[in-house]
Each structure stands twice: as structure tokens, then as C-alpha cells.
Amino acid sequence: MEVFLQQLINGLTLGSIYGLIAIGYTMVFGIIGMVNFAHGDVFMLSAFIALMLFVVLTQLLGMTSIPLAFVIVLIGAMVLTALWNWAIERVAYRPLRGSFRLAPLISAIGMSIFLSNFVQVVQGPRNKTIPPMFDKVIHLTTGGTYDVTLSLKQILIVLVTAVLLAGFWYLVQKTSLGRAQRACEQDRRMAALLGIDVDRTISLTFVIGAALAAVAGVLYMSYYGVVNFSDGFIPGVKAFTAAVLGGIGSLPGAVLGGLLIGLIEVFWSAYFSSDYKDVAAFSILALTLIFMPSGLLGRPEIEKV
Amino acid sequence: MTAMTQTLAERAVTRKAPLLAIRGVKTYYGKIVALKGVDLDVQEGEIVTLIGANGAGKSTLMMTIFGSPRAREGVISFDGRDITRLPTHEIARLSIAQSPEGRRIFARMTVYENLQMGASINKFAYFDQDLERVFALFPRLKERINQRGGTMSGGEQQMLAIARALMSRPRLLLLDEPSLGLAPLIVKQIFDAVKLLNKSEGLTVFLVEQNAFHALKLADRGYVMVNGVITMSGTGRELLAKPEVRAAYLEGGHH
Ligand SMILES: Nc1ncnc2c1ncn2[C@@H]1O[C@H](COP(=O)(O)OP(=O)(O)O)[C@@H](O)[C@H]1O
Ligand SMILES: [Mg+2]
């Protein structure tokens, strides 16, 4: 029972991070039908941006309030990562629009390799660490065989994720930008006939996806306290799996898929073997694609009028 | 209503310059030519109809006006301005609206959201007012306001497509086969609405139809397109009287 509760907490924490990344995959796929292979590396990049901002704030500028530094880092990383992704879309994907279908996909793989190599060159191949923060731990149960704990970090991760997802949901459902975004997803040509600047809307989709990935990056970095140039790949694939499991193109699906992948991963590690936790995620990807290609909340293709 | 008197005054001054002028337009799909040099005018305040058999190139012309696909040769001008090379969304922002072939309703959006999409270009400045206006025209839409576009009947979708186009307060409304697949009663309702918009608001309409009889009766002037070229033009009455038109587009159950 204790193990179960503990893994539930750990799984939801991890799942929040996957969910935030998964939204970027699902939105880009929804609007231009492309699997953005570089998205995991954008996430990794954001963790490095967060790391640098954190070091600058606490060490160079001598800021002592960790919560304040965290908020600034979060906002700064969102903005800077969004700018990066905006530029990536302009340089690597937009010129290929209207080209053959695989072209942007190949370009995205190239961009993924470029980003991880770029970070390796400028930051070095070794792990970068930050001092631990928000380390306070709450003991939920005591005296049993095993104390179930909830760390401040975990509360923070779930809370930040929930707040940002709520804001994001409002943006997509209630604002004209979100409406334009959904319109482009359904019928780009019709959206243009109504005066929607489709290229701009696609740009903004990349910007929003990157901002959410940056939130995940900041949370990831503060959770593990360490980041490496190769950290884009595995979380990227898991978040992609989350998007596929939830139903690619579906925003609630991405969040649900993220939480499920997080839970499956920690329960797999706890009850079977942590050696195979990545294999579990990859197997789910394969199984979903074979048996349930439209995912849990995805819509079957027939609705494409 | 002041807006309307202005337009009438303007019209008197610029009587000869058409609102929409199409000159020598050629459009291709890859290597295949779909429009082989089309000339066509729409004057402000007119209802102009384009009739022609399936595959003649009517929808291609409607979309070429919006630059999607783009004309490879020729010039399209709107209100005296060359729009041939403008991006599609900028053409829309000049107050040209289209209810396209197949209606293209956003299926997963509600009726209300579809109408909001129509009002995007003028930043919702007249949204509530215009909403009442299109609901007066098509009361059915008001009942369906929270329904998803994709779940509505063909006639309701057509009304929504026209209403969505009207939400942008267009100076020129393009309608591509609004009667296709609809019951006669609904067709009448839609044609009556178009007539009313033209008479009471002075809205300029360019209408593509296979339902030639109704379209020519409604229109001030008409054009006939065959295989990507205009073969005849004249007032609606003139075209209706022509034996070639009668033989090709009116006899055999088209009306
Ligand atoms: N997207 C397209 N790609 C290739 N050919 C097309 C496309 N759309 C239309 N055509 C061709 O262009 C010609 C004109 O079609 P269209 O403009 O739809 O005619 P209409 O609206 O008069 O029925 C037809 O021969 C049609 O097959
Ligand atoms: Mg057509």
C-alpha cells in the first residue's frame, strides 16, 4: 500500500512533465501534420536556458530568494525557448511547407541532431547540476515499513502544471488566437479565406508548444537537479508516446497520455525492473500504433470532411 | 444606413470602374490548365452569376480570386487595386468573403464559434449587431447556436457558411453553388436571403451555380463558362432566352 501511494505521487509528478511536453507534439501535429522530432531537444534546451538563468540570478546577481528566482527563471525560460522555437520553425520548417510530406520530418530530425550537438559544444558533454531547491519533504505516513513522502518539489510541479494547463486551455478555447489555431487545424484554406494569417498561426503554435516544453524543462531541472545535452531524447520519446497514447491531435489526450506514461513508468520500475522502464514506454508506443492508432481520446479519421 | 448612401454616391462617380475586374486570368493545377484566360466584371451593387457544367472551372475561378490557387497569368483587381499577388488572408481583409464549394464549415466548432471566425477580420467591432443581422436572415442558426457545425444538416450548413461570410461585413460576397444538394424549399430560402441582402443593403454578389434557371432569374448579369473560358455573357434575362443556354443548362431537369 505504501509503495503504491508513493509511486502514485512520483508517477503524477513525472507524468505532469511528460504531459507538458506532449502538448507541443500534439499541437504541431494537429496543425501541420508533422511529428516534430526536435521537440524533445527544445525541451532539453529549455532546461539549459533555465540552468543558466538560475546561475546568473543566484550567483552573479546574488539573488537569495529561491522562490523569486524560480519564478523569474520560469518566465525567462518560457520566453527564450519560445523565441528559439519560433526561429527554428522559420528556418527549418516553413520553407519546406508545400514540399513533399517527408521533407519537414527530415528537417526536424536534422534540427534535433543540431540542437543536441550545439548544446554539447557550448555546454560540454558532462552533466550540469544545480544546487537542490524546494527540498522540504512531508511525511504522509510514518511508522509503517515505509514512509510515504511528498516533497515540496512534487507539489510545485503538479501545481505549476495545473495552473499553466488551465491558462493554456483558456487560450485555446476562449481567445481568438486559440480559435484561429483550431480553425487552421480543421481547414487551413478556409481559415485563410476568413482572413486568418495561417503562417503566423503556425508560428504561434510552435511558440506556445515551446513555452510549455520550457515549463517542463524548468520543472525537470529543479526535480532532478541535473541536465545533460542528451536529455532531450528519452523524455522526448516518452512525451511523444504520451501524445500518441492520448490520441495525437487531442490536447486533453496529451495530458492524459502524459500522466499515464508517468504512472506506468514508475509502477513498472517499482514492481518489475527499473532497467526496463524505457522499454515499457517504447512498447506502449508500438502497441498503441498497432492496435489503437487514434489513441484514447483521438478522433477517428472519418471526421475529416 | 449612412454607409449605404455613401456607397451609392461613390457608385455614381465611379460607375464604369468595376468592383471586381478579372482580366486574362489563367490558372493551372500543375501542368493542367483549368482557366484559359478569363475576363469578367462585377460592378458594385450587382448580382452576377457564373454558370457552367461540372468541371468547367467555376470553383477554380472563385478560389483564384483569393489567390489559392494563384493565377499564373492575368490580373485580378478589387476596387481598383491589383490583388493578383496578395496572400489569401490579405485579400480576405479587403472585405471579400466567400461561401466556398462544399461549405467548409468548421465541423468541430459550434455555430457560434464559426460565426466568430467570420468576424475575425474586423476584430469583433460589430459582432453582436451582426449576429442579430444574420439570425434575422436565418433564424434556424439561432436555434442551433451551440451545436457543432459538423452535426448540422446540409441546408443549415449552407446558411451558416453564408452567415459566416456575412460576419466580416464584406463588400463583395462570393457564393459557390449554395443550392447544391439542398431541398427546393431551402434553396428558395437561401436565394431569397441573397436577394434581400442585395436589395436592402446593396451587397454585391458573385454567384456560381449549376442551378442555372434560379441563378439567372436572380442575377442582374450572367456569364457562361465552358472548359475554362467564358463563352457567353449578358443580362440574366438575355441568357435565359438564348437557345444554347436553354439546351445546355436548363432542359433536362436542372430547374
Ligand atoms: N485541386 C485540384 N487539382 C487538380 N485538378 C483540379 C483541382 N481542382 C479542380 N481541378 C480540375 O480543374 C477543372 C475545373 O474544376 P472546378 O473549378 O472545380 O470546376 P467547377 O467548379 O466548374 O465544377 C476540372 O477539370 C477539375 O478536375
Ligand atoms: Mg465547383
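Note that the structure is predicted; figures quoted are calculated from it, not measured. (Residues numbered from 1 in each chain as written. Chains lettered and ligands numbered in written order. Predicted model: local features only at pLDDT ≥ 70, side-chain atom pairs only at ≥ 80, totals over all residues. Heavy atoms only, no water.)

### Digging into the overall build of chain A
Part 1 of the argument: On a plain count of helices and strands, chain A comes out with eleven helices and four strands.
Part 2 of the argument: Against the compact-globule benchmark of 19 Å for 305 residues, chain A has a radius of gyration of 19 Å, which places it among compact chains.
Part 3 of the argument: Along the first, second and third principal axes, the C-alpha atoms of chain A reach 65 × 50 × 35 Å.
Part 4 of the argument: With 305 residues in all, chain A has 53% of them scored as buried.
Part 5 of the argument: In chain A, of all internal contacts separated by at least 6 residues, the share reaching a separation of at least 24 is 76%.
Part 6 of the argument: Carbon and sulfur atoms provide 70% of the accessible area of chain A, an area that totals close to 13600 Å². (Helix = DSSP H or I, 4+ residues; strand = E, 2+ residues; numbered from the N terminus. Rg over C-alpha atoms; globule rule 2.2 N^0.38 Å. Buried < 20%, exposed > 50% of the residue type's maximum accessible area, 1.4 Å probe, protein only. Contact = heavy atoms within 4.5 Å. Areas by Shrake-Rupley, 256 points an atom, 1.4 Å probe, with all protein chains shown as cover.)

### Digging into the site of ligand 1
All names here are of chain B.
Part 1 of the argument: All residues in the neighbourhood of ligand 1 are listed as Tyr29, Ala34, Ala53, Asn54, Gly55, Ala56, Gly57, Lys58, Ser59 and Thr60.
Part 2 of the argument: Within the side chain of serine 59, an N or O atom sits 2.8 Å from an oxygen atom of ligand 1.
Part 3 of the argument: For ligand 1, an oxygen atom lies 2.4 Å from a polar atom in the side chain of threonine 60.
Part 4 of the argument: Here the shell around ligand 1 is built from residues that sort into four nonpolar, five polar and one charged. (Near = heavy atom within 4 Å. Polar contact = N/O pair within 3.5 Å; in protein donor to acceptor, adjacent residues only side chain to side chain. Nonpolar A, V, L, I, M, F, W, Y, C, P; charged D, E, K, R; others polar.)

### Concerning the coordination of the magnesium ion (ligand 2)
Residues and elements named next belong to chain B.
Part 1 of the argument: The magnesium ion (ligand 2) binds to the protein through Ser59 (OG) and Glu101 (OE); the donor distances cover 2.1 to 2.4 Å. With serine 59 in helix H2 (residues 58–65) and glutamate 101 in the loop between strand E6 (96–99) and helix H4 (111–118), this pair connects stretches of sequence that are 42 residues apart.
Part 2 of the argument: A relative accessible area of 18% places serine 59 in the buried class.
Part 3 of the argument: Taking relative accessible area as the criterion, glutamate 101 reaches 39% and is therefore assigned partly exposed. (Donors = N, O, S within 2.8 Å, 3.2 Å for Na, K, Ca; no water.)

### Some points on the interface of chain B and chain A
Part 1 of the argument: Counting residues at the interface gives 23 residues for chain B, matched by 21 residues for chain A.
Part 2 of the argument: Buried area between chain B and chain A, both sides added, is near 2100 Å², and the carbon and sulfur share of it is 58%.
Part 3 of the argument: Of all residues in chain B, Arg104(B), Phe106(B) and Arg108(B) give up the largest surface area on contact with chain A, accounting jointly for 31% of the area buried on that side.
Part 4 of the argument: Connecting chain B to chain A are two salt bridges.
Part 5 of the argument: Our count for the contact surface shared by chain B and chain A stands at eight residue pairs in polar contact (both at pLDDT 80 or more).
Part 6 of the argument: Looking at the side of chain B that touches chain A, the elements with two or more residues in it are helix H3 (88–93) and H4 of chain B.
Part 7 of the argument: Residue composition of the side of chain B that touches chain A, by class: eleven nonpolar, seven polar and five charged. (Buried area = accessible area lost by both parts, 1.4 Å probe. Salt bridge = Lys/Arg side-chain N within 4 Å of Asp/Glu carboxyl O.)

### Section: the packing of helix H2 (residues 39–60) of chain A against helix H4 (residues 102–123) of chain A
Residues and elements named next belong to chain A.
Part 1 of the argument: Following both chains from N to C, one finds H2 and H4 inclined at 25°, their axes separated by 9 Å at the closest point. Regarding the angle of H2 to H4, the classification is roughly parallel. For the pair H2 and H4, the crossing hand works out as left-handed. From H2, Asp41, Val42, Met44, Leu45, Phe48 and Met52 reach across to H4, where they touch Ser112, Leu115, Ser116, Val119 and Gln123. (Axes fitted to C-alpha atoms, helices over the stretch in contact; angles between N-to-C directions. Parallel < 35°, antiparallel > 145°, perpendicular 65-115°, else oblique. Left-handed = near helix turned anticlockwise from the far one by under 90°.)

### With respect to the domain arrangement of chain B
All names here are of chain B.
Part 1 of the argument: As assigned here, chain B comprises domain 1 (8–95 + 170–250) and domain 2 (104–166).
Part 2 of the argument: A separation of 23 Å is found between the C-alpha centroids of domain 1 and domain 2.
Part 3 of the argument: Every contact between the two is made by 16 residues of domain 1 and, on the other side, eleven residues of domain 2.
Part 4 of the argument: Carbon and sulfur atoms supply 78% of the area that domain 1 and domain 2 bury against each other, a total of about 1200 Å² over both sides.
Part 5 of the argument: Across the domain 1-domain 2 interface, the total number found is one salt bridge.
Part 6 of the argument: Here glutamate 201 ties to arginine 133 by a salt bridge, and the two come within 2.8 Å at their closest N and O atoms.
Part 7 of the argument: Between the two partners, domain 1 and domain 2, sit one residue pair in polar contact (both at pLDDT 80 or more).
Part 8 of the argument: Only H3, strand E7 (172–176) and helix H8 (184–201) provide two or more residues apiece to the side of domain 1 that touches domain 2.
Part 9 of the argument: With seven residues, the top contributor of residues to the side of domain 1 that touches domain 2 is H8.
Part 10 of the argument: The residue makeup of the side of domain 1 that touches domain 2, split by class, is twelve nonpolar, one polar and three charged. (Domains from an automatic or database assignment.)

### Things to note about helix H3 (residues 66–93) of chain A
For an α-helix the count is 3.6 residues per turn, leaving residues at separations of three or four pointing the same way.
Part 1 of the argument: Here H3(A) contains 28 residues, and its C-alpha end-to-end distance of 38 Å stays within 8% of the 40 Å for a straight helix at 1.5 Å per residue.
Part 2 of the argument: The backbone nitrogen of Leu68(A) has a side-chain oxygen 3.2 Å away, supplied by the residue at the start of H3(A), namely Ser65(A). (Expected span 1.5 Å × (residues − 1).)

### Notes on the pattern of salt bridges
Part 1 of the argument: Enumeration over the complete set of coordinates arrives at 19 salt bridges over all chains.
Part 2 of the argument: In this structure, the salt-bridge partner of Asp130(B) is Arg133(B), at a minimum N-O distance of 3.6 Å. Here Arg133(B) and Asp130(B) lie together in helix H5 (residues 127–137), a separation of three residues that amounts to about one turn.
Part 3 of the argument: Overall, Arg133(B) belongs to the partly exposed group, its relative accessible area being 26%.
Part 4 of the argument: A single network of salt bridges, built from pairs that share partners, joins Glu89(A), Arg94(A), Arg97(A) and Asp199(A).

### Here we look at the nonpolar core
Part 1 of the argument: Tyr93(A), Ile22(B), Leu40(B), Leu61(B), Leu172(B) and Phe206(B) are the most contacted members of the largest nonpolar core, which totals 122 residues.
Part 2 of the argument: The element best represented in this core is helix H8 (residues 198–224) of chain A, accounting for 16 residues.
Part 3 of the argument: When residues of this core are assigned to domains, at least three map to each of domain 1 (8–95 + 170–250) and domain 2 (104–166) of chain B.
Part 4 of the argument: Residues within four places of Leu40(B) in sequence aside, it is in contact with Leu20(B), Ala21(B), Ile22(B), Arg23(B), Leu50(B), Leu61(B), Phe206(B), Tyr223(B) and Ile230(B).
Part 5 of the argument: In this structure, Ile47(B), Val111(B), Leu173(B) and Leu175(B) belong to the second largest nonpolar core, which totals 38 residues. (Core = buried A, V, L, I, M, F, W, Y, C linked by side-chain atoms within 4.5 Å.)

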